[in-house]
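Listed below, chain by chain, are the residues.
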Amino acid sequence: MDLVERDAHLTHLMQWLTDEHGRSSGFVSVDGPVGAGKTSLIRTFSRRAADAGSHVMSTVCTSLDRALPFGTLHQLFCGSTLPAWFVDRCATALEQAMQTGGDLAVAQVLSRLCTAVTDLAEQRPVLIAIDDVKHADECSTRILVQLVRRLGATRVLLVTTERTEFPQAASPTSDLTSPSHVRQLSLPLLSRAGVAEVLRRGGGARHADHVVEEFLAATGGSPLLVHAYLEGPQALGRTAVACLRDSGAPVLEVARALAVNEAEFSAPVLAELLDVAPVTVEQALRTMTAAGLLAEHGFRHPAVRDCLLDDMAPHERQSLHRRSARLLHERGAPATLVSDHLLRAAHADEPWAPEVLLEAAEQAVMDQHAERAVDFLLLAQTCEVNDDLGATIRARLARAEWLLNPAVAARHLPDLSTIAASDALRSTDAVQVIRQLMWLGRQTDARRLLDKTMRRDGFGHLACDVHRWLQVCYPALALEMPAPRAEKSPPRAVPMSQIAAALIRGDVDSVPARASTLLAQPFSQSDATWSVEPVLLALLSLLYVDQVADASAWCDHLAAGVAADRSPTWRAVVDAVRAEINCRRGDFPSAIHYAHSSLTTLTPRAWGVAAALPISALVQAHTRTGDHDQAAKLLSQIVPEAVFDTRYGLHYLHARGHHQLATGRTHAGLADFLSCGELMRKWALDLSGIVPWRTSAAEAWLRHDNPDQARRLIYDELAKPGGERSRSRGISLRLLASITEPRQRPHLLTEAMELLEANGDQYELAMVLGELGRAHQALGDRKRARMVMHRAWHVARACSATPLSHELLPESGDADAVTAVPAAPTAISELTKSELRVASLAAMGYTNREIAAKLFITPSTVEQHLTRVFRKLNVRQRSDLPPDLCAATSKIA
């Protein structure tokens, strides 16, 4: 190991070896924490002393030397580099002493060695260097003590190394370190500059500032650890363990206890755990801190802890974890911390263990650590508990596994159904079982258990929550169930129940606030019974009331806070909603991506009846992009009949209907749309935001050349309350314009365009623009018609809606206009909202006066906006405006 920041220490040693009078100075004790470089220093000093002409006697003591009397002296005085006469005299003296033994032998060998060393020192200085002198045998140390005292005026220098940070038992070498006999030379850890120098010598770019800080933080500046870390974390960990072993049993024991209990880094806890005095633990912690192993809150690098744990025998490690669990429980530590120790000990025989593990599992679920919760509950199942607690543990295990894979959790449902039917399961756990049965399509079993559970005494407001949940998720079953009796006391404020009630009443204005309340705390204990379904309902309810941007923002928020590996079910649900969002935005490639991700994360079997949600988004997206074979393949898969008794079935029917329309099977498509309407009216869930069945059926009637039926459905849709700014109104106005007198069409289509821009539906916007272009064509305004059709084509192409793009492709043959290069997104982003709005209308052929009237501004203001737009987009006239202005406008809206 290269010496860094040790030049001054070497200089002092050389000066003490030979002063200006040619006399040496007795004894030097080099101390410092383990790994500080004492061995490297004494070796380098020995080489330099030899190079300078001194006689050098050196040895490294080990624990084996303690059992061999005079062994250390024999290694020192019988070295091959010493004069033969000196070696012979010393060897003879030591052999006689070993044969004689006792105090007389010590006195005789001392006298002979003193004479020999004195004679040797007459020629040149003598250096006696002993590394780790604490391991020297007792006879040797006794003689060395006397030797230093007798040879104080000769040219003999004794240099030893020894660690002093942890108290050692008294030994003969203690006399050597008394102030009257010793010079102390302490080695500190490396400074930041010293660490940088080690890295520089190591080569490469590892002396960069951030790397230096990393090494300093990981090693504390210990030279040995810095060099080890150059080889990687594992080498650092192994070296650290070797240092701890070399520091003595008390330090190693405390280090192991700390590795097991790093979260509880306190001397009293460790002392009680090891059954030693607190002062012993404090001294060991100081030793490890001085050696660069510990920082304020534990080991400096996790590799040290990992290697310490690996270094322990399994039974030793488990024993420490078991004792830690017991101690921490007695001290009132959090259940998760205690349970972690129980888990690692593979031991839960304590009478308090089941309840602690159950509490820890609940916390782990709330912290999105479903797999950890499963581990806690599997251990809890090994405990001896009563039937009630055993049933609760089983139910919580099913819920935790549900977050990982509902198909796996299904294995618990038969037993849990039996337990719940015998009233041996808590009401909230029974509801969980019912919900899981419904999700997996086992409606008969769910109905039987629901009948039993709803009649329980004290079921109270939970019955209302269950009934509302059924009404919005499984409405067919809700119709078969009697409504629960109203409670005298105010109902609980369960967010999911409030959202369901608002949808049932058609109170669309209150849905966003209620959904946001739930989504702001998606893992709250209040809705733990319902698992992921409250979040799924809240996100979809935002879509049902045309709050697409809010739903998208919440999906992003949830996706950022939920690791896919911690809860695959959460990730799959969020991706399924993202697929539906992108379908409603007209971003079909993204919809396909998220739907595939959702169905890959959870298989259709694990999705149960809710699989209809991602499948319908996938069918809709493939249909719009013209991949009818892929859509047909998805629809050919067998779907459980129970799907069509759920709200998810409405999405499926609606997507299938549009596929039927797109492939020329208009009768089948119309039947699917009318089925949606029949079910939604029957279930009292006739919200156009769920699926706009009226407009879809009207479109099918128009393809049947039956405008009267279409008109009736369109007017019914327009007459629905609360839909003045809805996406479905925009679609209705487009369809109405197609069966209206030509001069009235631009007005209807302009309003439809504004609504669809505001709702961010690019596909329907392209449809409206196409109809608007045709309307201008019918009215003889060919220039405006061409511009609007070009815009419609570009918006459709941006959606990857190939069939619609082909339908909108202008017949004028003006390929240059169609394939105009869109403006760079950064250029459009430089436009203000006002400029973007004016530019979008100008791109569709509106005059300045028409734009002014539409936006309630003056024509001169319009002209000023356009001047700035032309400059920012680097165009000269309206016809040069980029085709993607409409898409940008809808995003702003």
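Each remark here, short or long, concerns the structure printed above.
Keep in mind it's a predicted model, so treat the numbers as computed, not measured. Every chain's residues receive numbers from 1 upward, in the order its sequence appears when written. The predicted nature of this model means local features are confined to residues of pLDDT at least 70 and side-chain atom pairs, given and counted, to a pLDDT of 80 or more, with totals for whole chains, interfaces and linings taken over all residues. Hydrogens and water are ignored here; the side-chain numbers use all heavy atoms of the structure.

(A) Structural context of the overall build of the protein chain. Secondary structure summary: the protein chain contains 49 helices and seven strands in total. Residues classed as buried in the protein chain amount to 56% of the 893 residues present. A contact between two residues is defined here by any heavy atoms of the two lying within 4.5 Å. Within the protein chain, contacts between residues at least 6 apart in sequence are counted, and of these 68% link residues at least 24 apart. Under the convention used here, a 1.4 Å probe and the Shrake-Rupley method define accessible areas, while residue burial counts only the protein chains that appear. In the form shown here, the protein chain has an accessible surface area of approximately 37700 Å², with 50% of it arising from carbon and sulfur atoms. In this text, helices come from DSSP runs of H or I with a minimum length of four residues, and strands from runs of E with a minimum of two, each type numbered from the N-terminal end. For every residue, the accessible area (1.4 Å probe, protein chains only) is compared with the maximum for its type, and the residue is labelled buried under 20%, exposed over 50%, or partly exposed between those bounds.

(B) Examining the nonpolar core more closely. Side-chain atoms within 4.5 Å link the members of a nonpolar core, which is a set of buried Ala, Val, Leu, Ile, Met, Phe, Trp, Tyr and Cys residues. One finds Met288, Leu470 and Trp607 to be the most contacted residues of the largest nonpolar core, which totals 247 residues. Residues within four places of Trp607 in sequence aside, it is in contact with Trp439, Ala572, Val573, Ala576, Ser598, Leu599, Leu602 and Pro614. In terms of nonpolar packing, the next biggest core, distinct from the first, is built from 39 residues, Ala116, Val133, Ile143 and Leu151 among them.

(C) Looking closely at the sheet that holds strand β2 (residues 55-60). With respect to topology, five strands assemble into an open sheet ordered β2-β3-β4-β1-β5, the strand pairing being parallel. Taken across any chain shown, the strands that pair with only one partner, and hence form the sheet edges, are β2 and β5 (182-186). Across the sheet, the axes of successive neighbouring strands diverge by a mean angle of 15°, strand direction being ignored. The pairing criterion is simple: DSSP has to find at least two bridges between the two strands. Where strand β1 (residues 26-31) meets β5, five bridges bridge the pair, whose relative direction is parallel. For Val30, the partnering residue across the bridge sits in β5 and is Leu185. Helix axes are fitted only over the stretch in contact, all axes being lines through C-alpha atoms; the angle between N-to-C directions runs from 0 to 180 degrees. The strands touched by helix α1 (residues 7-17) are β1, β3 (126-131), β4 (156-162) and β5; relative to β5, the strand with the most contacts, the crossing angle is about 165°. Where helix α5 (residues 102-123) meets the sheet, it contacts β2, β3 and β4, and its direction lies at approximately 130° from that of β2.

(D) Seen up close, the packing of helix α21 (residues 413-421) against helix α22 (residues 427-439). Between α21 and α22, whose axes approach to 10 Å, the crossing angle comes to 135°. By the angle class used here, α21 and α22 are oblique. The hand of the α21/α22 crossing is left-handed. Residues Leu413, Leu416, Ser417 and Ala420 of α21 form the contact with α22, whose participating residues are Ala430, Val433, Gln436 and Leu437. Angular relationships are summarised with four words: roughly parallel below 35 degrees, roughly antiparallel beyond 145, roughly perpendicular across 65 to 115, and oblique for the angles in between. It is the rotation of the near helix from the far one that decides the hand of a crossing: anticlockwise by less than a right angle makes it left-handed, clockwise makes it right-handed.

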